[in-house]
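# Summary of structural features
One-letter residues, chain by chain:
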Amino acid sequence: MQAPTNPDTGASIVNDLSNDEYHAHPAISKSGLDLVRRAPALYRWRQSNPQPFKACFRTGTLAHTLLLEPERFEEEVTIMPKFDRRTTAGKLGYDAFIAKHGQRDYATEEEYVELKGMREAVWAHPAANRLLAKNGWVEQSIFWTDPTTGVQCRCRPDKRR
């Protein structure tokens, strides 16, 4: 859902935009500007050659979702019990689990314990607790046109008040 454009700044705020939709938008972001600063040709190349999601970012992405959007985590992530897939029973259990839960994202029980520990550590930090406990909006996509250059820009703050 898109919020009305702010008449003073020309910015518009879009709620409920998926991460994939946000990243597919052609407006430039901070990370895009960082690439331009390094080498404009690198930015152009990355626009034509999107990078696949790296498995090394998975834990951070899951922790981010559990911390800031716990309801979305519950909707999108299934906790997978441990299956010993070296055994027939383990293979059957795993196959039944996958058949039941389909294309959802999974976290093992061990990963889930680690993710909850990360969330508790962040909430235990006094400054983080003060910032996160305040009412605000999470993962809103903001779009505007830079008045000097005419370049379309975007940002997606984790949380804003």
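Further up the page is the structure itself.
The rules behind these values
- The written sequence of each chain sets the order in which its residues are numbered from 1.
- Reporting in this predicted model follows two pLDDT cut-offs: at least 70 for local features of residues, and 80 or more for side-chain atom pairs to be given and counted; totals over whole chains, interfaces and linings ignore these cut-offs and use all residues.
- Water and hydrogen atoms were dropped before computing side-chain values, which therefore reflect all heavy atoms in the structure.
- In this text, buried Ala, Val, Leu, Ile, Met, Phe, Trp, Tyr and Cys residues form a nonpolar core when linked through side-chain atoms within 4.5 Å.
- The buried label goes to any residue with under 20% of its type's maximum accessible area, the exposed label to any with over 50%, and the partly exposed label to all in between, with areas taken from a 1.4 Å probe on protein chains only.
- Numbering of helices and strands runs from the N terminus, with a helix taken as a DSSP run of H or I at least four residues long and a strand as a DSSP run of E at least two residues long.
- Two strands pair under a simple rule: DSSP has to find at least two bridges between them.
- Axis definition: a line fitted to C-alpha atoms, over the contacting stretch in the case of helices. Angles run 0 to 180 degrees between N-to-C directions.
- Aromatic contacts are taken between Phe, Tyr and Trp rings whose centres are within 6.5 Å, Trp giving its six-membered ring; a plane angle under 30 degrees counts as stacked, one over 60 as edge-to-face, and the others as tilted.
- Whenever two N or O atoms come within 3.5 Å, that pair is a polar contact, provided that in protein one can donate a hydrogen and the other can accept it, and provided that, for residues adjacent in sequence, both atoms are side-chain atoms.
- For this analysis, residues touch if any pair of their heavy atoms sits within 4.5 Å.
- Working definition: roughly parallel below 35 degrees, roughly antiparallel above 145 degrees, roughly perpendicular at 65 to 115 degrees, and oblique for all remaining angles.
- Crossings are classed by handedness, with left-handed meaning an anticlockwise turn of the near helix from the far one by less than a right angle and right-handed meaning a clockwise turn.
- Polarity classes work like this: nonpolar for Ala, Val, Leu, Ile, Met, Phe, Trp, Tyr, Cys and Pro, charged for Asp, Glu, Lys and Arg, and polar for all others, with Gly in that last group.

### Examining the nonpolar core
The biggest cluster of nonpolar side chains holds eight residues, and these are Leu62, Ala63, Leu66, Phe73, Val77, Ala107, Tyr112 and Leu115. Sorting the residues of this core by element identifies α4 (58-68) and α7 (109-124) as the ones contributing at least two each. The biggest single contributor to this core is α4, with three residues.

### Remarks on the sheet that holds strand β6 (residues 152-155)
Strand order in the open sheet formed by three strands is β1-β5-β6, and the pairing between neighbours is antiparallel. Edge positions in the sheet fall to β1 (12-14) and β6, since each of these pairs with one other strand and no more. Within this sheet the neighbouring strands show an average axis-to-axis angle of 25 degrees, counted without direction. Two elements, β1 and strand β5 (residues 141-145), share three bridges in a ladder whose sense is antiparallel. When the bridges of β5 are listed, serine 12 appears paired with phenylalanine 143.

### Some points on the packing of aromatic side chains
Going through the model one piece at a time under the given rule, you end up with six aromatic pairs. Between tyrosine 22 and phenylalanine 143, the aromatic rings sit 6.3 Å apart at their centres with planes inclined by 50 degrees, giving tilted as the arrangement. Taken together, the positions of tyrosine 22 in helix α1 (residues 19-24) and phenylalanine 143 in strand β5 put the pair 121 residues apart, joining distant regions of the chain. We classify tyrosine 22 as buried; its relative accessible area is 5%. Residue classification places phenylalanine 143 among the buried positions, given a relative accessible area of 10%. When the ring of phenylalanine 83 is compared with that of tyrosine 94, the centres are 6.1 Å apart and the planes differ by 80 degrees; the resulting orientation is edge-to-face. In this pair, phenylalanine 83 sits in the loop between β2 (77-80) and α6 (88-101) while tyrosine 94 sits in helix α6, placing the two residues 11 residues apart along the sequence.

### Things to note about the side chain of serine 29
Structurally, serine 29 is set in the loop between α1 and α2 (30-38). A distance of 3.1 Å separates the side chain of serine 29 from the side chain of serine 31, its partner in a polar contact. Apart from residues no more than four positions distant in its own chain, serine 29 is found in contact with Tyr22 and Arg154.

### Observations concerning the packing of α4 against α7
For any two helices packed against each other, one specifies the crossing angle of their axes together with the interaxial distance. At a minimum axis distance of 9 Å, the contact between α4 and α7 shows a crossing angle of 55 degrees. One finds that α4 runs oblique with respect to α7. For the pair α4 and α7, the sense of crossing is right-handed. In this structure, α4 uses Arg58, Thr59, Leu62, Ala63, Leu66 and Leu67 to contact α7, whose residues at the interface are Glu111, Tyr112, Leu115, Lys116, Met118, Arg119, Val122 and Trp123. Grouping the constituent residues of the contact of α4 with α7 by class yields nine nonpolar, one polar and four charged.

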